[in-house]
Amino acid sequence: MELDDLYQEIILDHYKHPRHHRTLTPAETLVDEENPTCGDHIKLTARVEGVRVAEVAVECQGCAICTASASMMAEKVVGLPVDGARSLVQSFTALMRGGPDVSDEVLGDLVSLRGVRHYPLRVKCATMPWHALESALKKLGV
Ligand code: ZN
């Protein structure tokens, strides 16, 4: 199996079975973002307990890249300290914009999205959930 096929499999798995795909109630931290170029639409809610990200729930109506990125992100950041989540947001969005590479170990399933940075039109699809998380954390005041 080619490496690209493997990445494709990971993306499709998250697309077909998105993790943390729901809305938290009360949804006072709801962040709503749209990507008009692709038609992606996501709603993200988050909950923080102390200094940790306790829950992230995402409802994504969009392309495979956006949905998979949201799913992988939620899986990755739940349980992390807020600082850790925020620094992952920064590393991942920087990587997508041609910034420094991030190790496979840090990325986990997100390695499958690394190639997206070569497709400028799709970069927004991959980064939108991360910007939504950033806004949610800001809204939560952490
Ligand atoms: Zn998209």
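Anything mentioned here points back to the structure above.
What counts, and at which threshold
- Counting restarts for each chain, with residues numbered from 1 along the sequence as it is written.
- Only residues with pLDDT of at least 70 are given local features in this predicted model, and only at 80 or more are side-chain atom pairs given and counted; all residues enter the totals for whole chains, interfaces and linings.
- Just so you know, side-chain values use all the structure's heavy atoms and leave hydrogens and water out.
- Nonpolar core, defined: a set of buried Ala, Val, Leu, Ile, Met, Phe, Trp, Tyr and Cys residues in which side-chain atoms within 4.5 Å join the residues together.
- For each residue, the accessible area found with a 1.4 Å probe, counting protein chains only, is set against the maximum for its type, and the residue is called buried under 20%, exposed over 50%, and partly exposed in between.
- Helix and strand definitions here come from DSSP, where helices need a minimum of 4 consecutive H or I residues and strands a minimum of 2 consecutive E residues; each element is numbered from the N-terminal end.
- Should any heavy atoms of two residues lie within 4.5 Å, those residues are counted as being in contact.
- Distances decide who is a donor: an N, O or S atom must be within 2.8 Å of the metal, or within 3.2 Å for Na, K and Ca. Water is not included, so sites may look incomplete.
- Axis definition: a line fitted to C-alpha atoms, limited for helices to the stretch in contact. Angles are taken between N-to-C directions and run from 0 to 180 degrees.
- Crossing handedness: left-handed means the near helix sits turned counterclockwise from the far one by under a right angle, and right-handed means the same turn made clockwise.
- Charged means Asp, Glu, Lys or Arg here, nonpolar means Ala, Val, Leu, Ile, Met, Phe, Trp, Tyr, Cys or Pro, and polar covers whatever is left, Gly included.
- We count a salt bridge whenever a side-chain nitrogen from Lys or Arg sits within 4 Å of a carboxyl oxygen from Asp or Glu.

Participant: Could you clarify how one ought to interpret the nonpolar core in this entry?
Facilitator: It is characteristic of soluble globular proteins that their nonpolar side chains tend to be buried jointly. Ranked by size, the top nonpolar core spans 43 residues in total, and within it Leu44, Val56, Phe92, Leu113 and Leu133 carry the most contacts. Of all the elements in the fold, those that place two or more residues in this core are α1 (3–16), β2 (40–49), β3 (52–61), α2 (64–77), α3 (82–96) and α5 (120–140). Residue contributions to this core peak at 9 residues, all from α5. Among residues more than four places away in sequence, those in contact with Leu133 are Leu44, Val56, Met73, Val77 and Val89.

Participant: Would you mind going over the coordination of the zinc ion with me for this structure?
Facilitator: Octahedral metals with six donors have ideal donor angles of 90 or 180 degrees. Tetrahedral metals with four donors have an ideal donor angle of 109.5 degrees. Within the first shell, the zinc ion binds the protein through Cys38 (SG), Asp40 (OD), Asp40 (OD), Cys63 (SG) and Cys125 (SG), at distances of 2.1 to 2.7 Å. Read N to C, the donor residues that coordinate the zinc ion are spaced as C-x1-D-x22-C-x61-C. Here the residue Cys38 occupies a position in the loop between β1 (31–35) and β2, and Cys63 occupies one in the loop between β3 and α2, the gap between them amounting to 25 residues.

Participant: Please explain the packing of α2 against α5 as it appears in this structure.
Facilitator: Between two packed helices, what matters for the description is the angle formed by their axes and the separation of those axes. Taken N-terminus to C-terminus, the directions of α2 and α5 make an angle of 35 degrees; their axes are 8 Å apart at the nearest point. Here α2 and α5 pass one another in a crossing that is right-handed. Residues Ile65, Cys66, Ser69, Ala70, Met73 and Val77 of α2 form the contact with α5, whose own contacting residues are Arg122, Cys125, Ala126, Met128, Pro129, Trp130 and Leu133. Classifying every residue of the contact of α2 with α5 gives 11 nonpolar, 1 polar and 1 charged.

Participant: I'm lost on the pattern of salt bridges in this one. Help?
Facilitator: In a structure, side chains of opposite charge can pair up when their charged atoms sit close to one another. On inspection of all chains with the given rule, the structure shows 8 salt bridges. A salt bridge links Arg114 to Asp101; the shortest N-O distance between them is 2.9 Å. Here the residue Arg114 occupies a position in the loop between α4 (104–107) and α5, and Asp101 occupies one in the loop between α3 and α4, the gap between them amounting to 13 residues. Residue class for Arg114 comes out buried when judged on its relative accessible area of 15%. Residue classification places Asp101 among the partly exposed residues on the basis of a relative accessible area of 47%. Residue Asp101 is joined to Arg117 by a salt bridge in which the shortest nitrogen-to-oxygen separation is 4.0 Å.

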